Protein chains: 2
Amino acid sequence: MRVSAKADYAVRAVAELAASPDGPVKGERLADSQDIPLQFLEHILLDLKHSGIVRARRGAKGGYWLAKPADEVSIADVIRAVEGPIANVQSAPPESISYKGSARELQNVWIAVRASLRDVLESTSLADLVSGDLPANVRDLADDKDAWAPR
Amino acid sequence: MRVSAKADYAVRAVAELAASPDGPVKGERLADSQDIPLQFLEHILLDLKHSGIVRARRGAKGGYWLAKPADEVSIADVIRAVEGPIANVQSAPPESISYKGSARELQNVWIAVRASLRDVLESTSLADLVSGDLPANVRDLADDKDAWAPR
DNA sequence: TCATTCCTGATTTCTTTACTAAACACGTAG
DNA sequence: CTACGTGTTTAGTAAAGAAATCAGGAATGA
């Protein structure tokens, strides 16, 4: 139930791209501005390119840019591109698992977990993230004081 | 963003305990009824004991039982006992991270992610799980047809 | 051509996961 | 009071994954 460094880096990098709409941004500048190791970041950007979120050009004046408008890319898209499916249980999607005995209802709980993650991550676009104008459901969750308390 | 085998096993084991309110249940029976490797399960039960969710007695007629009523133990409690905090980012709690530049709002997103996970996992008790009578908010999420579709 | 920049696979280091083995400690029955 | 059936604890390990790093190749523009 944790967010990996890779996913965190990926979201930060594309946020930086979303905030730089004019022309390509060099990997090095992305790495600098978000404190991400350059070579690791380049692998991540390659993943993002393969899944069509980012485009790139080499050579002088080269760099990376978003392949789509920032309001058409969700955070969920970015995480899936680098980590695969969200909210797997034991590396299998929750709808494919079946439990027996007293744990029979557990599948519904994992499905609900995944649905609630999707509610947040699919509704938030890169444009929302960069503008600070988060969707109402996300803002409501984050504004709750309890949400900031550790456990 | 995945649920580990350890967490899955832990929840299933305590569900089995919640369904057996009379006297101790042997580790072997838990392992059998839920298809969990016995020795691994005993490690898990030890974690659960240390955090006060389970109690145990050795010797003939020994076994494990819930330390508290099943409606006072949430799935979140069980997961925290074996995995530590829910929804950490890069092994740190989201409220302790600070982002710069275009990623500044990302902290709010991770806080919202954690809050939505808590909404599901803290509201569901072992009693709910065993009876199949999940809380309304969880049931609503799981009943949505989209929730069962892979992505 | 040449500097610049992305592209890619191999390798490394470290941690976690998932599990096994075996000695040890304790409680109950006989 | 002893033996046996339990749980407790320590130790260890193979395999996978996470997080980088290294070293070079391939495209682009000047």
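Residues numbered from 1 in each chain as written. Chains lettered and ligands numbered in written order. Predicted model: local features only at pLDDT ≥ 70, side-chain atom pairs only at ≥ 80, totals over all residues. Heavy atoms only, no water.

Once that is clear, we can look at the environment of Trp110(A). Following the sequence through the fold, Trp110(A) ends up in helix α5 (residues 106–121). Under the relative-accessibility criterion, Trp110(A) is labelled buried at 2%. Residues Trp110(A) and Pro93(A), spaced 17 residues apart in sequence, show a C-alpha to C-alpha distance of 9.3 Å. When neighbours within four sequence positions are excluded, Trp110(A) is seen to be in contact with Val89(A), Pro94(A), Tyr99(A), Val3(B), Asp8(B), Ile79(B) and Leu121(B). (Helix = DSSP H or I, 4+ residues; strand = E, 2+ residues; numbered from the N terminus. Buried < 20%, exposed > 50% of the residue type's maximum accessible area, 1.4 Å probe, protein only. Contact = heavy atoms within 4.5 Å.)

Gly27(A), His43(A), Leu46(A), His43(B) and Arg58(B) are the nearest of the 26 residues found near DNA strand C. A breakdown of the atoms of DNA strand C within 4 Å of the protein gives sugar and phosphate a share of 72%. The contact in question runs from a phosphate oxygen of DNA strand C to an N or O atom on the side chain of Lys49(A), over 3.1 Å. One nitrogen or oxygen atom from the main chain of Gly59(A) is found 3.3 Å from a sugar or linking oxygen belonging to DNA strand C. The element contributing the most residues to the surface near DNA strand C is helix α3 (residues 38–50) of chain A, with five residues. (Near = heavy atom within 4 Å. Polar contact = N/O pair within 3.5 Å; in protein donor to acceptor, adjacent residues only side chain to side chain.)

Structurally, Val109(B) is set in helix α5 (residues 106–121). The spatial distance from the C-alpha of Val109(B) to the C-alpha of Asp71(B) is 31 Å, given a sequence separation of 38 residues. Those residues within four positions of Val109(B) in sequence are excluded, and the remaining contacts are Ile75(A), Val120(A), Leu121(A), Thr124(A), Leu129(A) and Leu134(A).

Here the focus is the pairing of strand β1 (residues 54–57) of chain B. Residues and elements named next belong to chain B. Where β1 meets strand β2 (residues 63–66), four bridges bridge the pair, whose relative direction is antiparallel. Paired with Arg57 across the bridge in β2 is Gly63. Here β1 folds back onto β2, and the loop between the two strands holds five residues, one of which, Gly59, carries a positive phi near 85°. (Pairing = 2+ DSSP bridges.)

Take the protein's contact with DNA strand D next. Around DNA strand D lies a shell of 25 residues, among which Tyr9(A), His43(A), Arg58(A), Leu46(B) and Arg58(B) are the nearest. Here a phosphate oxygen of DNA strand D sits 2.7 Å away from a polar atom, N or O, in the side chain of Tyr9(A). Residue Lys49(B) places a side-chain N or O atom 3.4 Å away from a phosphate oxygen belonging to DNA strand D. Counting residues per element, the ones that place at least two in the surface near DNA strand D are α1 (5–18) and α3 of chain A together with α3 (38–50), β1 and β2 of chain B. Looking at which element gives the most residues to the surface near DNA strand D, the answer is α3(B), with four residues. When its residues are assigned to classes, the surface near DNA strand D shows eight nonpolar, eight polar and nine charged. (Nonpolar A, V, L, I, M, F, W, Y, C, P; charged D, E, K, R; others polar.)

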